[in-house]
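Fold and geometry: a report
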Amino acid sequence: MNEKFNGKIEQAIAQQSGLDRGMKSRHLFMITLGGVIGTGLFLASGSTINQAGPLGSVIAYMIGGFIMYMVMICLGELAVAMPVSGAFQTYASMFISPSIGYLLGWLFWLNGATTIGIDLVAAGMLLNNLTGISEWIWVLIFGGVLFALNSLRVGVFGESEFWFAGIKVAAIVACIIVGGLSMMGYIGGHEPIGFNNYFTDGIFPNGVGAILIAMLTVAFAFNGTEIIGIAAGESQNPEKTIPKAVNATAFRTLLFYVLSMIVVAAIVPWREAGVKDSIFAEVFQYAGIPGAYTIMTLVVITSALSCGNSWAYSATRILWAMSKDGMAPSALSKLNSHQVPMNALILTMAVSGMSLLCSVFAADTVYLWLISICGLAGVLGWMGICASQYCFRKQFVGNGGNVVNLKYKVPLFPLVPALGFLLNALIVIGLWFDDSQRIAIYASVPFIIIVMIYYYKVVSPRRGLIKMEKAERTDNPA
């Protein structure tokens with residue numbers, strides 16, 4: 001392979017060194033799963049059922065899972081070849097253009113910070129229903145917990161997330177089993193309902209087009225799989241752990257989402273589904289299990305915190321990687337004694353704290369707005385991952401590389417990255433036809449414009465100067 005191309009990859013890996021590689025294989029898998037399975041499944045899925053109907057919601061999650069898998073294997077190839085914490089932001093900068101990488105990095109960070117806020121508000125809403133204590137108090141308490149966990153060494157964080165994620169996986173499995181038995185009339189004292197809810201108001205009560213409109217909420221639900229690429233920069237033996245985590249996460253996420261949606265949509269009438277309460281709790285309540293509603297609500301709260309925990313980790317690392325590359329203020333690259341980017345963590349949690357506004361102004365409505373913004377940012381990030389893998393493979397082969405030598409590679413190239421890019425683009429187009437989610441465009445476009453103006457006016461000239469200074473030091477080592 002061309003030495004210059006290979007040197008570029010090695011330089012990127014070396015530049016983003018300094019973090020603690022204390023992430024074990026089981027941590028990597030559960031952190032990724034923790035970032036994916038959260039409020040997007042436990043709360044936002046109610047909105048999907050209400051929007052697309054029972055069968056439409058199941059189809060939407062199947063399509064979303066297929067898209068998610070294509071994106072994950074594209075990211076897997078890149079992460080094994082270049083295990084850096086900048087992940088797809090670094091890949092886009094190197095193989096597409098620095099400006100695209102810059103934009104994707106800030107969009108991902110905005111997505112992460114906003115998702116943390118969503119998770120905090122979700123936990124606050126549920127606990128407000130249980131205790132009557134104001135949502136903003138819970139947001140402050142849980143925000144402090146997430147900040148403390150992310151301030152510790154990555155191995156401690158990974159271990160805590162491993163157990164947090166394990167709780168919600170167990171809850172999903174229980175929901176599938178209990179809900180399935182309830183549908184057949186074995187528990188709960190009800191007559192068997194089977195799949196009656198799927199046909200009560202027709203197969204697609206809001207039309208087939210509602211599936212496309214619901215895809216943005218579904219995309220938000222699957223957001224978080226890209227965390228695996230970020231965690232690769234702190235994982236042990238990335239060549240072995242990343243392929244395992246990619247395959248295990250993709251398969252189990254799809255399985256959990258689709259099976260649970262089949263059961264939930266069969267039990268909870270689609271007209272009654274929403275985001276204020278957990279529809280999963282309603283499944284256990286329908287099954288007649290004493291105290292199940294309260295228990296499941298607490299599980300959903302744990303799930304929301306777990307998801308927020310994973311996103312706090314990943315958003316912080318993206319900021320750190322961008323600062324190392326001259327795309328964010330250098331102060332954000334400062335590490336604490338546990339080798340954690342502390343300033344990046346503080347900024348991320350501060351922005352996520354703006355979620356308090358959601359608890360003051362129409363929590364359920366603003367909550368859906370935030371989901372839409374995160375969904376759009378996530379979809380654009382997925383498009384960037386697919387495009388980065390395509391460009392990487394083309395440049396790799398063009399510089400004399402042999403595909404056989406790649407430790408992990410995307411099958412059916414270039415079909416997979418092209419199809420993944422196209423399907424994500426269709427989701428963005430569908431966003432325009434939903435009045436309730438169009439706010440994502442109105443909120444995101446000004447942010448994109450401001451970020452790009454800042455890039456061309458400030459960041460690009462500064463990065464050029466930094467590169468010149470590095471070249472001069474190389475030429476004049478004395």
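In this report, the structure presented in the accompanying data block is examined. (Residues numbered from 1 in each chain as written. Predicted model: local features only at pLDDT ≥ 70, side-chain atom pairs only at ≥ 80, totals over all residues. Heavy atoms only, no water.)

Let us now look at the overall build of the protein chain. Across its full length, the protein chain holds 18 helices and 0 strands. Across the 478 residues that make up the protein chain, the buried fraction comes to 57%. Here the analysis covers contacts within the protein chain between residues at least 6 apart in sequence; of these, 83% occur between residues at least 24 apart. When the accessible surface of the protein chain is summed, it comes to about 18300 Å², and 67% of that surface belongs to carbon and sulfur atoms. (Helix = DSSP H or I, 4+ residues; strand = E, 2+ residues; numbered from the N terminus. Buried < 20%, exposed > 50% of the residue type's maximum accessible area, 1.4 Å probe, protein only. Contact = heavy atoms within 4.5 Å. Areas by Shrake-Rupley, 256 points an atom, 1.4 Å probe, with all protein chains shown as cover.)

Turning next to a nonpolar patch on the surface. A cluster of nonpolar side chains, contributed by Leu212, Leu422, Leu426, Ile429, Trp432, Phe433 and Tyr442, occupies part of the molecular surface with about 730 Å² of accessible area. Ranked by residues supplied to the nonpolar patch, first place goes to helix α17 (residues 415-431) with 3 residues. For Leu422, the position within the fold is in helix α17. (Patch = residues over 30% accessible without salt bridge, like charges linked within 9 Å, V, L, I, M, F, W, Y side chains within 5 Å. Salt bridge = Lys/Arg side-chain N within 4 Å of Asp/Glu carboxyl O.)

With that settled, consider the packing of aromatic side chains. Summed over the entire model, instances satisfying the criterion amount to 13 aromatic pairs. Ring geometry for Phe108 and Trp311: centres 5.2 Å apart, planes at 35 degrees, overall tilted. Here Phe108, found in helix α6 (residues 98-131), pairs with Trp311, found in helix α13 (residues 292-324); they are 203 residues apart in sequence, far enough to count as distant. You can call Trp311 buried: its relative accessible area is 1%. Following the ring pairs from residue to residue traces out a cluster consisting of Tyr102, Trp106, Trp109, Tyr455 and Tyr456. A cation over a ring is seen here: Arg393 above Phe413, with NZ or CZ 4.5 Å from the ring centre. (Phe/Tyr/Trp six-rings, centres within 6.5 Å; stacked < 30°, edge-to-face > 60°. Lys NZ or Arg CZ within 6 Å of the ring centre and 35° of its normal.)

What follows deals with helix α7 (residues 135-150). Structurally, the α-helix is built with 3.6 residues per turn, so residues lying three or four positions apart point the same way. The terminal C-alpha atoms of α7 lie 23 Å apart, and with 16 residues this matches the ideal 22 Å at 1.5 Å per residue to within 8%. Among the residues making up α7, those that are buried are Glu135, Trp138, Val139, Phe142, Gly143, Leu146, Leu149 and Asn150. Mapping the buried residues of α7 onto a view down its axis gives an arc of 130 degrees, with all of them on the same face. (Expected span 1.5 Å × (residues − 1). Arc of directions from axis to C-beta.)

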